[in-house]
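Coordinate inspection notes
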Amino acid sequence: MAASSAILSGRVAGSSGSRLWRGGTRPLVHIRSASAAEHGARKSDEDHLWEAASGAEGYLPFSRARVGSFFQDQPVLKNPFLEDALLRGYLKRHLPQESCSQAVFSDLNAFGERVAKEIDTWGRECDLNPPRLVHFDPWGRRVDHIVTSAAWKRLKDLSAQEGLVAIGYDKSFGEWSRVYQMSKLYIFSPSSGLYTCPLAMTDGAAKVIQSVGVSPPVEEAYGRLTSRQPECFWTSGQWMTERQGGSDVGTGTETVAVPQTDGSYKLHGFKWFTSATDADMTLTLARVQDRSGSTTPGSRGLSLFYAEVSRDEDGRLRGIEVQRLKDKLGTRQMPTAELLLDGLPAHRLSEEGRGVASIANMLTITRIHNSVSAAAAMRRVLQLARDYATRRTAFGKLLKDHPLHMQTLARMEVETRAAFLLVMDVCRLLGREERGLASQLDVHLLRLLTPVVKLYTGKQAVAVVSEGLESFGGQGYIEDTGLPGILRDAQVLSIWEGTTNVLSLDVLRCVARSSGMVLHAYFAHVKSLLAGASGVSSLAPAVKAIASAQSELEQFVQIAASRPPSYLQLAARDLAYSLARIYAGALLIDHASWKDASPHDTYAALRWCEQELCLVASRQTRGCYDSSTAALDAALVYDALIQD
């Protein structure tokens, strides 16, 4: 005990006085190297004292190479299909004949096992080994090779084998092909190493080619984009953004297309942001030059072009120079680059001047993919947080036994369920349209809901994933857990394919171009969903809340119709949010009224409908969209101290 006391007090027996260890009193927790002392080395007085203390007191935790006996169990990723009751319930309810349902369930279950046991590791490998650009070979020749990881290449083969694009074009599943495809992507997305991004553009390109007609020179490309054979499968890029703008392609596109004598074109321009730059082909916009070298300005001058990415006999890219890879906040697994197009061989797909109209189908597809990824990110972080709550003990009990923690996860669950049902309903509508089964109401709903769901789920994902990281405490902030990457990657979902404001204005254009018919379809469908639940007493409070919110929304629309356009523009974002919340509530109620629904489905619907559902109506009454508001907003933003 004497030796021990001496150590703890910082005194050495036999010394002339008190001696402090370097940097202060020697700590009890002492971490040392695990290597043995040199042969023949004499032990110091400190070592003798330390050993004496160990012998006197017994085992000392953290002494020498020991780091303690406790290690926190990490969350375990289990089969995401089996872990998602809502996904299974939705498919069980909606898929038609039993044979179709069994085939889909069997495939998704097997794929879920593969995601948990194999594919997730590949995605993590892509995180840790992002693409890099090699401009020159060892002898100085320009090669512009984008080097990606082996896992990235395996994910391309997997995408073909699992039919992650092909299923959407498989007619054997009828109008449910898209729901099946997107359910599989929903399981895959968080583990995909962002390979879902090139798949989204590949799907979008196939859709465009299908809409303009599958004929030479794109007949082979269409077959490759929708192939299940890895050796044949192609991915497509989407090279639209130039230096002047992203969504404003009408004024921001400077690339020109020079006609060739064989009917093809050569493209010259600079593409500022090209996603999945390692793709096999791309679709892009350009302005056709006439014989005098002139082009038509604005959207009317844009045409859509198809180009293959290939190399000449010397290994150089044909008509392309890769300037640099983008250094992004997230989505680092996927190569995104600035490209100089210098004579890129291309074929015009659209009628001249009809480029913007021709990419509308692509935007529908890519925005739906974006929404799927948003809902999938929410589900994944919640799945991990739920598992972690059964493993982590704090303040004497597991996290799952803390009511406040469970309340937080339950709120995340309600948001995730709403997002999932919004996404699946848009997929359902797309499938009906593609199989020629859509009513006029379905067509209007698809047009309205595509931007609404994309913008709303993108914002939901950032909020829910951020909350999810917090549920892991400090470990949610540590890179090598893989958790921060989920949040970084989620941030792109509210930006890519149209920011929240851009899509809110797109909703207004949709309303105007349909002369309000999309809103009539929306109101009619919400009422029909509520009518189906009218006999379920447990859902009565939720039904009442949605009906009241819809009534408020209809009143807002009537008032706004008599106001100047600037009024609706200020209200656009809140209008889109209101449309999303009311529709999600109606879908939650509809699902909870299904005969095989669980009490949890009812509880989720009730909880969703407790929030403010019609933001635009309540803010209208407070004068948020009055004519003076825009000037006041600008003055507030640019407020500054006046310097003497």
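Scroll up for the structure.
Here goes a summary of the coordinates provided. (Residues numbered from 1 in each chain as written. Predicted model: local features only at pLDDT ≥ 70, side-chain atom pairs only at ≥ 80, totals over all residues. Heavy atoms only, no water.)

A separate point is the overall build of the protein chain. Broken down by element type, the protein chain carries 21 helices and 11 strands. Out of the 644 residues in the protein chain, the part that is buried amounts to 50%. Taking all contacts inside the protein chain whose residues are at least 6 apart in sequence as the whole, residues at least 24 apart take part in 74%. (Helix = DSSP H or I, 4+ residues; strand = E, 2+ residues; numbered from the N terminus. Buried < 20%, exposed > 50% of the residue type's maximum accessible area, 1.4 Å probe, protein only. Contact = heavy atoms within 4.5 Å.)

This part takes up unusual backbone geometry. Note the cis peptide between P216 and P217, where omega equals 10 degrees. At D144, a residue that is not glycine, the phi angle is positive and equals roughly 50 degrees. Tracing the backbone through its elements, the reader meets D144 in strand β2 (residues 142-147). The class for D144 is buried, based on a relative accessible area of 2%. The phi torsion at L194 lies on the positive side, around 70 degrees, for a residue other than glycine. Within the element layout of this structure, L194 appears in the loop between α6 (177-188) and α7 (196-212).

Moving on to the environment of H402. Structurally, H402 can be placed in the loop between β11 (397-398) and α12 (403-434). Along the chain, H402 and A389 lie 13 residues apart, while their C-alpha atoms are 9.3 Å from each other. Apart from residues no more than four positions distant in its own chain, H402 is found in contact with A394, F395 and K397.

Time to look at the packing of aromatic side chains. For the coordinates displayed, the defined rule picks out 14 aromatic pairs. Aromatic side chains Y388 and F472 sit 4.9 Å apart centroid to centroid with 45 degrees between the ring planes, which places their arrangement in the tilted category. Of this pair, Y388 sits in helix α11 (residues 360-388) while F472 is found in the loop between α13 (440-470) and α14 (483-491), placing the two residues 84 residues apart along the sequence. When the ring of F556 is compared with that of Y625, the centres are 6.4 Å apart and the planes differ by 70 degrees; the resulting orientation is edge-to-face. Residue F556 is found in helix α17 (residues 540-561), and its partner Y625 is found in the loop between α20 (615-621) and α21 (629-637); the two are separated by 69 residues along the sequence. Since its relative accessible area comes to 1%, F556 is described here as buried. One aromatic cluster in this structure is built from Y90, Y186 and F420. The positively charged end of K326 is found above the aromatic ring belonging to W272, 3.4 Å away from the centroid. (Phe/Tyr/Trp six-rings, centres within 6.5 Å; stacked < 30°, edge-to-face > 60°. Lys NZ or Arg CZ within 6 Å of the ring centre and 35° of its normal.)

The next subject is the pairing of strand β1 (residues 132-136). Sheet topology note: the β1/β2 ladder contains 4 bridges and is antiparallel. Pairing of L133 across the sheet is with I146, part of β2. Following β1, the chain reverses through 5 residues before pairing antiparallel with β2; G140 in that reversal takes a positive phi of roughly 90 degrees. (Pairing = 2+ DSSP bridges.)

For the rest of this paragraph, the subject is the packing of helix α18 (residues 565-592) against helix α19 (residues 599-608). Taken N-terminus to C-terminus, the directions of α18 and α19 make an angle of 160 degrees; their axes are 8 Å apart at the nearest point. In terms of their interaxial angle, α18 and α19 are classed as roughly antiparallel. Our pair here, α18 against α19, has a crossing hand that is left-handed. Mapping the contact onto sequence places R581, A584, G585, L588, I589, H591 and A592 in α18 and D601, T602, A604, A605 and W608 in α19. Residue composition of the contact of α18 with α19, by class: 7 nonpolar, 3 polar and 2 charged. (Axes fitted to C-alpha atoms, helices over the stretch in contact; angles between N-to-C directions. Parallel < 35°, antiparallel > 145°, perpendicular 65-115°, else oblique. Left-handed = near helix turned anticlockwise from the far one by under 90°. Nonpolar A, V, L, I, M, F, W, Y, C, P; charged D, E, K, R; others polar.)

Here strand β5 (residues 265-275) pairs with strand β9 (residues 336-348) via 9 bridges, running antiparallel. Across the sheet, S275 pairs through a bridge with T336, a residue of β9. Of the pairings in the sheet, the one linking strand β7 (residues 302-308) to β9 comprises 2 bridges and is antiparallel in character. If you follow Y306 over to β9, its bridge partner there is H347.

Quick look at the pattern of salt bridges now. Within the structure shown, the criterion is met by 40 salt bridges. Between R178 and E434 there is a salt bridge, and its shortest N-O distance comes to 2.9 Å. With R178 in helix α6 and E434 in helix α12, this residue pair connects regions lying 256 residues apart in the sequence. Under the relative-accessibility criterion, R178 is labelled buried at 1%. (Salt bridge = Lys/Arg side-chain N within 4 Å of Asp/Glu carboxyl O.)

Here we come to the environment of S373. In this fold, S373 is placed in helix α11. In this structure, S373 is in contact with S189, T196 and L493, ignoring residues within four places of it in sequence.

Attention now moves to the nonpolar core. In summary, soluble globular proteins display a tendency toward joint burial of nonpolar side chains. By size, the foremost hydrophobic cluster in this structure holds 158 residues, and its most contacted members are Y522 and I589. Here this core takes 16 residues from α18, the largest share from any one element. Once you skip the residues sitting within four places of it in the chain, I589 turns out to touch L530, A533, L539, A542, V543, I546, A605 and C609. With 16 residues, the next largest nonpolar core counts Y265, L267, V288 and F305 among its residues. (Core = buried A, V, L, I, M, F, W, Y, C linked by side-chain atoms within 4.5 Å.)

Two elements in contact, α11 and α12, have axes separated by 9 Å at closest approach and are oriented at 150 degrees. In terms of orientation, α11 lies roughly antiparallel with respect to α12. Seen from above, α11 lies across α12 with left-handed handedness. Among the residues making up the contact of α11 with α12, the classes are represented as 16 nonpolar, 2 polar and 6 charged.

Spatial relationships are all this shows, so hold off on functional conclusions.
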